[in-house]
Each structure stands twice: as C-alpha cells, then as structure tokens.
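Analysis of the macromolecular model
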Amino acid sequence: VQGSGLDLDTIATRHKWKGRCTMPPTHANLTANSKAKAKAQWLKPTVRPQLNWRRSRRKTRAEAQGSTPAALADEKVEELILGSPLLDHVGYVQEDVRSNIERWSMLGGTLRQQLGFDDVMTPTESKRIYHYYLPTAMWIEKQLAEHRNKWMEQGNEGPPPPLVLGVSAPQGCGKTTLVGQLEQLFNANGMATATVSIDDFYLTASEQVAVAEESKGNPLLQYRGNAGTHDLQLAIETINKLKTLTTAGSSCSLARYDKSLNQGRGDRAPESEWPVVSGPLSLVLLEGWMLGFRPRQEQAVEAVTPDLLPVNEALKSYAELDALMDSWLVVKVGDPQWVYKWRLQAEKMMRDSGKPGLTDEEVADFVSRFIPAYEAYLTELYQQGPVGSSKESMLYIQIDQDRNVY
C-alpha cells in the first residue's frame, strides 16, 4: 500500500467499513408506526426506470448466457431452489419448497434488490441467490423457530434471547457479503439482527505492540489476526449483553476496530463512534476467519511450524467465546491456498480501478501470517465442528474457487 498509509485489510474492506460502523436501521429501533411503514415499503412492488443503454447491453450478454428474469415465475423459482446443493443440508424437501413458494419467491426478490442485480440475472447471479443465500436464510429461519420452541419448552417466561449464530469462513471467501445480505434480509423481514465480527475485538494498538514485543521473532504475532491478538473479555461481554436485548428500550454498544488508524496498523475506534443496537433482537451474527478452531496437541502444531505454538496456547481461551454460539455456519474450502488467490484478485481489481494495491509479493507476505493456522485447524473444524456444536445446529457450506456452492 505504497504511499497511502493503509494496510491491505483497510483497503480491501474500506468500502465495507462505513457500513459496519453505522448500523442500518432495524425493526429493533423503530417505532410501531415506523415498523408498519418499513414493512409496507419492503412489500411494495418496485418500479424500475427504463434500462439505459449500458444495462441493455448487460441484459443482452446475460440473455446470451441463458439468463434468468428477475421477476421469476414460481415454477422457475422452485426449479432453481430444488437444484441447490444445499437443499438436503438445510432440511427442506420438494413439498416444503412448493407449499411455501410465494415466500421463497418474495425473499429471493428482496435479495436481488439488495445485491443490485439487474432485471435479467446471469446464471451465476441467480445461483448465488437461489442455490446459496436463500437456502441459507431459510435454514436460519428454522434455527430461529427451534430456538424459540426450545425456550418455551423449558418453561421460560417472556421473549427468548436472540439466537447467536457463529459464521466461520476463510478470508476472501465472501463471508462479509453473505453476512451483510442476511442481516439486511432479516431486518427487512421484521427479525431484528445485529452483526459483529471477531475483527472488532482486536487488541488496542498499544496492547498489540506489547504482544509483538513479547513475541519477537514470531511473525504470526507481530500483527493482528491470529489467536492471542483479540480482547476476548470484551468479545464475551458483548455477546452476553446482546443476549439480554429482549425488550424495547434495551441497548448495547458494539465495539468497532478502525484498520485505517495508527498509520494503517489499526486501532480500536473511540467508544463515541461505536454503533448502538436496540432491542428486541431476534438474531446475532458473529463472523470470523478462525471462529471455532480447536486447539491441538503441541506435536501436531509444531509439525506445521513452531511459531504456531503460542497461538495454539492462546486458542484454548477462545472456547468460552465459541460456547456462546447457539448455531454454527461453517464455509468449507478445498484448499486454504485459495485465500492467496482471492487476495490477489482483490488487489488486481483495486489496481485496475486506479486505487493503491499490494504487489503479488506483498500479498504473499500478508497471507503467510494466516496459512499456518488454516493448515493446522481447518481439517478438524470440518471433521468435528466447533467445540460444543451439534449436527442439528450446524450447517456446512462447501464452495469452489469461484465461491459457488456445490
């Protein structure tokens, strides 16, 4: 990031930062009248302007690829959903889809608008919605229903605490986009949702300097990212506080980490800039690249690299945070080296657009700080799941190098 004073994380996520720093309006902090207006607006058909020549050209290309009209007939929606590799994993069969097809169609249309897809979608775009995002959202709805039922069966009074869903996925695989779309979709559908990232709980700049000094010679701890560089107590306190937001008037401030501070090395944003989430909440999404990693025997870790030993020791403390998850969504990749490829793609796109970006060598240096953890922990995460997880509350999503589910 030559001459900009920003690091790779800052550049790669700067356009997302503002969206995370300022929480979008949710049904949790709207008045009753505002809620009704918001829902009416959401359900109101959208009148789209006439396509200009650029969008017409895109439509022509999309049609040549066998595109899908946005205003899909229910039969086409059913065909697309039934073709999703996720359908068996989310607990739906053909009859479930057919009996609730109007709702599936409506939610799919909402996702299309959120993603900014044109009136005629390419096969890739329609699969992104109907093979990936929509089945995932419907699985979460099932988890929410089971969460509420379990709360009532236990004889509890009052509304249940929000469901906390842990989302574990490697860097660059699209988890931030997925989580952002889910948050918008559930908020628009009257289920107030808050999103937090493990990145928001990085140590302050001064605390990170202390960790780096204590770990001189260990490249994995010279910079934020690996286990041992997070304020776990703040993370645990925040999730526990969010779980109490069951009534109107309850609220919680969400820590935010500004990766542009401290000459691009990052620092925790001032508390005055933390967004405030108001209750009642239905859903909390916690996402992170290393959520759910299980510490391993020292011999196995040392075989990857001795530098990983202090990271492995620190990872033992993360079990307390993982235990706060009610459900898990784990995105599986075939090879952690894909992270390198995805970072290269992101940097090339930035350079092509005239923005500063890292060289291939700088990308390799950045990714190298995370590859050892992927090599040590991903296999067990995929085989055993996070500590405390169960098959009933776990969804694995397998994606290829193009981030398509299969």
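A brief structural summary. (Residues numbered from 1 in each chain as written. Predicted model: local features only at pLDDT ≥ 70, side-chain atom pairs only at ≥ 80, totals over all residues. Heavy atoms only, no water.)

Considering the overall build of the protein
Helix and strand content of the protein: 16 helices and 11 strands. Counting only residues that meet the buried cut, the protein has 50% of its 406 residues in that class. Taking as baseline every contact in the protein between residues at least 6 positions apart, the subset at least 24 positions apart corresponds to 76%. In the structure as shown, the protein presents an accessible area of about 19,100 Å², 49% of it carried by carbon and sulfur atoms. (Helix = DSSP H or I, 4+ residues; strand = E, 2+ residues; numbered from the N terminus. Buried < 20%, exposed > 50% of the residue type's maximum accessible area, 1.4 Å probe, protein only. Contact = heavy atoms within 4.5 Å. Areas by Shrake-Rupley, 256 points an atom, 1.4 Å probe, with all protein chains shown as cover.)

A closer look at the packing of aromatic side chains
The full count for this structure, using the stated rule, is 9 aromatic pairs. Connected via pairs of aromatic rings, a cluster forms that spans W289, F293, F366, F370, Y374 and Y377. The ring centre of Y92 lies 4.4 Å from the NZ or CZ of K142, which sits over that ring. For the cation-ring pair, K332 lies above Y396, with the distance from its terminal atom to the ring centre recorded as 5.2 Å. (Phe/Tyr/Trp six-rings, centres within 6.5 Å; stacked < 30°, edge-to-face > 60°. Lys NZ or Arg CZ within 6 Å of the ring centre and 35° of its normal.)

Quick word on the nonpolar core
Core analysis: the largest hydrophobic core is formed by 103 residues, its most contacted members being W104, Y130, Y132, I239, F293 and L321. Among the elements that line this core, the one with the most residues is helix α7 (residues 123-153), at 10 residues. Discounting residues that sit within four places of it in the chain, W104 has contacts with V77, I81, Y92, D96, V97, L134, P135 and M138. (Core = buried A, V, L, I, M, F, W, Y, C linked by side-chain atoms within 4.5 Å.)

Some points on helix α14 (residues 338-352)
The terminal C-alpha atoms of α14, which comprises 15 residues, lie 21 Å apart, in line with the 21 Å expected from a rise of 1.5 Å per residue. Every buried residue of α14 is listed here: W338, V339, W342, R343, E347 and M350. Looking one or two places after α14, you find G354, whose phi comes out positive at around 90 degrees. (Expected span 1.5 Å × (residues − 1).)

Things to note about the packing of helix α4 (residues 74-82) against helix α6 (residues 101-115)
Look at α4 against α6: their axes get within 10 Å of each other, and the N-to-C directions meet at 85 degrees. Looking at the two axes, α4 sits roughly perpendicular to α6. Between α4 and α6, the residues in contact are D74, V77, E78 and I81 and I101, E102, W104 and S105, respectively. Considered class by class, the residues forming the contact of α4 with α6 number 4 nonpolar, 1 polar and 3 charged. (Axes fitted to C-alpha atoms, helices over the stretch in contact; angles between N-to-C directions. Parallel < 35°, antiparallel > 145°, perpendicular 65-115°, else oblique. Nonpolar A, V, L, I, M, F, W, Y, C, P; charged D, E, K, R; others polar.)

Thoughts on the sheet that holds strand β11 (residues 394-399)
Spatially, the 5 strands line up as an open sheet ordered β4-β9-β3-β10-β11, and their pairing is parallel. Strands at the two margins of the open sheet, each flanked by one partner only, are β4 (193-197) and β11. Within this sheet the neighbouring strands show an average axis-to-axis angle of 15 degrees, counted without direction. Note: strand β3 (residues 163-168) against strand β9 (residues 283-288), 6 bridges, orientation parallel. Each residue of the ladder has a partner; that of S168, found in β9, is G288. Docked against the sheet, helix α8 (residues 175-188) engages β3, β4, β9 and β10 (327-333), running at close to 175 degrees with respect to β9. (Pairing = 2+ DSSP bridges.)

Considerations on the pairing of β4
Among the 5 residues in β4, 5 count as buried, and that is most of the element. Relative to β9, β4 is paired through 5 bridges, and the arrangement is parallel. Paired with T195 across the strands is L285, a residue of β9.

Some details on empty space enclosed by the protein
Applying the stated rule across the entire model yields 2 cavities of 30 Å³ or more. If you add up the space inside the second largest cavity, you get close to 30 Å³. Going through the elements one at a time, α12 (309-315) and α16 (371-384) are the ones with two or more residues in the lining of the second largest cavity. Each residue belonging to the lining of the second largest cavity can be placed in one class, and the counts come to 8 nonpolar, 1 polar and no charged. (1 Å grid on protein atoms, 1.4 Å probe; cavity = no way out; pocket = protein on both sides within 12 Å on 5 of 7 lines; lining within 4 Å. Points joined across faces, edges and corners; volume = space filled by probe spheres on them.)

A short note on the pattern of salt bridges
This structure, assessed with the given rule, holds 12 salt bridges. In this structure, D200 and R256 form a salt bridge, with 3.0 Å as the shortest nitrogen-oxygen distance. You can see D200 sitting in the loop between β4 and α9 (205-214) and its partner R256 sitting in the loop between β5 (251-253) and β6 (257-258), a full 56 residues away along the chain. The same class applies to D200 as to R256, namely buried. (Salt bridge = Lys/Arg side-chain N within 4 Å of Asp/Glu carboxyl O.)

So, the environment of V284
Its place among the elements puts V284 in strand β9. A relative accessible area of 0% places V284 in the buried class. A sequence separation of 88 residues divides V284 from V196, and the C-alpha atoms of the two residues are 7.7 Å apart. Sequence-distant contacts of V284, that is, excluding residues within four places in its chain, are made with P162, L163, V164, L165, A194, V196, I239 and L242.

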